[in-house]
Amino acid sequence: MASADNKKVVGSVAYQTRDKQYFEKRQLIRHANVWHLWALGVGAVISGHFSGWNGGLLQGGWGGMFIATVIIAIMYLGLTFAIAEMSPALPHTGAAYSFARTSMGPWGGFLTGLAENVEYVLTPAVIVFFIGSYLTGIFGTSAEFQPVWWVAAYIVFLALNIWGVALSFRVTLVVTVLALACLVVFWISAIGHMDFSRWAMNIGPGGVELPEGNGPFLPNGITGALAALPFAVWLFLAIEQLPLAAEESVDPKRDMPKGIIFGVLTLVVSAFAILTFNPSVAGIGAFALGSSGEPLLDGFKAIYGEGIAKGLALVAVLGLIASFHTIIFAQGRQIFSLSRAGYFPTVLSVTHGTRKTPHVAMIAGATLGLLVILSLWFLLGSERGGAVIGFTLLNMAVFGAMLSYIMQAVSFILLRKNHPHIERPFRNPFGVPGAVLTIIIAIVTLYFQLTDPVYRQGIVGVAIWFAVFIAYFAFIGRHKLILSPEEEFALENAETA
């Protein structure tokens, strides 16, 4: 370690000194209790229970999708229990970046944060595209009007998030409970309209429809089940964002483990419920559901008829709204943490003077996501642009998420090995074996993403994203790091280790 002028050089990075005023302009307010945290985690994921997961039915049949869901649920249990140990031990807004920074140094922290950044900037952009599609159908507006829906949704939910953390968590709790209530109503309604063997099992070898149902459990064998893994991810994607609220939690050491564990267990129950009930409803079936853009809405229509379709569509939008609102929250905190530490330009971490919310980070992330989908829409045209937004950008987000899961699981293993002295209010019962299993399943999922040409297009986009930000960090950012809470913690524990 060496000093030069007002800089402290540590390895390949240099820290600039900042006075008290720097951090006073970057303050957050503690407000969240365990139920707010639970809602933040569940709300971020819940749209994946309304649509997105169902494409796996054509890959592996109902049985293949069931096995894929079991495997992915194991991966997320391993991940979330590891996070439940790391987050209260390192209770900083940086979350994944913070874990990797302490365990793998500045470059490891930055690359992990960058992988999450891809996910949190692009996921709400994709969700708002689907919100626009639903609202277009409900209100009968033209396809060309869709960008107006996107801009309006961003303005409304940015405003709610910027207004204050209390309002943001209140809205999160309300929309998450309403979205879950919508799912529960569907499950109860479906009970009297189910014929599992006839409809859920109506996919044969090669993904063909069996008119009489009663097909094989694994119509495409175990390979089909593995090919369904990327679709099963949608039943849990983004639960890992919860630790980004660590500095806004009243008692993160007590509430963070409870919030994330309650959250993932809620999602496990909901995932298997929607997988069981939705394909079993008479008149739909797994085959038709596999290519549906609105599987839950199709289920409601089959039960209650087409006459109330628009009302049901409004209900279905709840899941999208819940995820959109909560991931905008996470997006702001993720950019805020990397900016406060100097990995991104520090102006992005300034918080609102009276509301104490990271408004600059949220506006910047939202603007970037909105510009991406608007550019694709107008440059490629509505049809092709919509396909790229709905598939390629979506796959970029999933790919970034898988990379961050691997890095977080590696962080957990290294923290256990190299930093056993760190106080751990919660101890992950699955330990290192659970983290290793998470890494293996994430790698297998990535492999099957690579076998799909649509996913490969998204990976090119992620590579460009990484190249741009790595170049910035290599030439500028690494010379301007700040001793934020995450960085100070990492440096102190590096010396102890």
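Residues numbered from 1 in each chain as written. Predicted model: local features only at pLDDT ≥ 70, side-chain atom pairs only at ≥ 80, totals over all residues. Heavy atoms only, no water.

Engineer: In this structure, what is going on with the environment of Gly 290? I would like to understand it.
Structural biologist: Looking at the secondary structure, you find Gly 290 in the loop between helix 12 (285–289) and helix 13 (295–304). Judged by its relative accessible area of 9%, Gly 290 falls in the buried class. Along the primary structure Gly 290 and Gly 56 are separated by 234 residues, whereas in three dimensions their C-alpha atoms are 6.8 Å apart. Those residues in contact with Gly 290, other than ones at most four positions away along the chain, are Asn 54, Gly 55, Leu 57 and Leu 58. (Helix = DSSP H or I, 4+ residues; strand = E, 2+ residues; numbered from the N terminus. Buried < 20%, exposed > 50% of the residue type's maximum accessible area, 1.4 Å probe, protein only. Contact = heavy atoms within 4.5 Å.)

Engineer: I would appreciate a short explanation of helix 19 (residues 485–496) in the present structure.
Structural biologist: For an α-helix, the turn length of 3.6 residues means that residues three or four places apart are oriented alike. With 12 residues, helix 19 should cover 16 Å at 1.5 Å per step; its first-to-last C-alpha distance of 17 Å lies within 8% of that length. All of the buried residues in helix 19 are Glu 486, Glu 487, Phe 489, Ala 490, Leu 491 and Asn 493. Buried residues in helix 19 make contact with strand 2 (7–10), strand 3 (13–16), helix 4 (56–89), helix 5 (96–139), helix 14 (309–340) and strand 4 (481–482). (Expected span 1.5 Å × (residues − 1).)

Engineer: Looking at this model, I keep getting lost on the packing of helix 15 (residues 359–380) against helix 16 (residues 382–418). Mind explaining?
Structural biologist: Axis angle and axis distance: for two packed helices, these are the angle between their axes and the distance between the axes, and together they describe the pair. One way to put it is that helix 15 packs onto helix 16 with a least axis distance of 6 Å and a crossing angle of 145°. The handedness of the crossing between helix 15 and helix 16 is right-handed. Along its contact with helix 15, which presents Val 372, Ile 373, Leu 376, Trp 377 and Leu 380, the element helix 16 presents Ser 382, Arg 384, Gly 385, Gly 386, Val 388, Ile 389 and Leu 393. Grouping the amino acids of the contact of helix 15 with helix 16 by side-chain chemistry returns eight nonpolar, three polar and one charged. (Axes fitted to C-alpha atoms, helices over the stretch in contact; angles between N-to-C directions. Left-handed = near helix turned anticlockwise from the far one by under 90°. Nonpolar A, V, L, I, M, F, W, Y, C, P; charged D, E, K, R; others polar.)

Engineer: Any chance you could explain the packing of aromatic side chains here in plain terms?
Structural biologist: How two aromatic rings sit relative to each other is given by the distance of their centres and the angle of their planes. The full count for this structure, using the stated rule, is 31 aromatic pairs. Their ring planes at 20° and their centres at 6.0 Å tell us that Trp 35 and Phe 262 sit as a pair that is stacked. Within this pair, whereas Trp 35 is found in helix 2 (residues 34–45), its partner Phe 262 is found in helix 11 (residues 252–280), the two being separated by 227 residues in sequence. Residue Trp 35 is classed as partly exposed on the basis of its relative accessible area of 48%. Ring geometry for Trp 62 and Phe 196: centres 4.9 Å apart, planes at 85°, overall edge-to-face. Taken as a pair, Trp 62 in helix 4 and Phe 196 in helix 8 (residues 196–200) lie far apart in primary sequence, 134 residues in all. Among the residues examined, Trp 62 registers a relative accessible area of 9% and is labelled buried. Through a chain of ring-to-ring contacts, three or more aromatic side chains come together here, namely Trp 62, Phe 66, Phe 196, Phe 217 and Phe 272. (Phe/Tyr/Trp six-rings, centres within 6.5 Å; stacked < 30°, edge-to-face > 60°.)

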